[in-house]
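So you can see what is in the structure, the chains are spelled out below.
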Amino acid sequence: MKRLMLSVAVALLSAQLGFAPAVLAGPQQEKMKACNKEAGEKQLKGDERKAFMKECLSAKKEANQAAKPEEKSAKATQQEKMKACNKEAGDKKLSGDERKSFMSSCLKG
């Protein structure tokens, strides 16, 4: 139990310090790393650093979202299909295997 707790503590600490393995590093961590590096290069401290980090992280998030508008469009279309098929299945009072089969064919076509 102590080893487990120690392992978790080491993993959290190394992630906090930027030594997380690549497997654990996600897009948010990559953004944080890049913004941290830039703030260090600019030698920002205190409130200036906080303000810069906030701006940097939100700007990169917006840039990522702007770069993938087709992904949002596809998700919206899929959600609209799902709503329409779900409503139709409800109107037909389908349940169980009949509903699954209907939903599958409805979403495909």
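The structure under discussion appears in the preceding block.
Residues numbered from 1 in each chain as written. Predicted model: local features only at pLDDT ≥ 70, side-chain atom pairs only at ≥ 80, totals over all residues. Heavy atoms only, no water.

Peer 1: Quick one: what's the story with the state of the cysteines, residue by residue and with numbers?
Peer 2: The tally for this structure, following the rule as stated, stands at two disulfides. Disulfide pairing is shown between Cys35 and Cys56; the S-S distance is 2.0 Å. Because the torsion about its S-S bond is -80°, the bridge between Cys35 and Cys56 counts as left-handed. One end of the pair, Cys35, is in helix α2 (residues 27–41); the other, Cys56, is in helix α3 (residues 46–67), and 21 residues separate them in sequence. Both residues of the pair, Cys35 and Cys56, count as buried. Between the sulfur of Cys85 and that of Cys106 lies a disulfide, 1.9 Å long from S to S. Across the S-S bond linking Cys85 and Cys106, the dihedral sits near -85°, which makes this disulfide left-handed. On the criterion of sequence distance, the pair formed by Cys85 in helix α4 (residues 69–91) and Cys106 in helix α5 (residues 96–108) is long-range, its members being 21 residues apart. (Disulfide = S-S within 2.5 Å. Helix = DSSP H or I, 4+ residues; strand = E, 2+ residues; numbered from the N terminus. Buried < 20%, exposed > 50% of the residue type's maximum accessible area, 1.4 Å probe, protein only.)

Peer 1: Kindly report on α2, identifying the contributing residues and their values.
Peer 2: Its 15 residues place the ends of α2 21 Å apart at the C-alpha level, agreeing with the 21 Å of an ideal helix rising 1.5 Å per residue. All buried positions along α2 are accounted for by Lys31, Cys35 and Ala39. The buried residues of α2 all sit within an arc of 65° when viewed along its axis, so they share a single face. Relative to its buried face, α2 has exposed residues pointing more than 90 degrees away, namely Lys37 and Glu41. In the stretch just after α2, Gln43 is the one whose phi turns positive, near 55°. (Expected span 1.5 Å × (residues − 1). Arc of directions from axis to C-beta.)

Without other data, these values stay purely geometric and don't point to any function.
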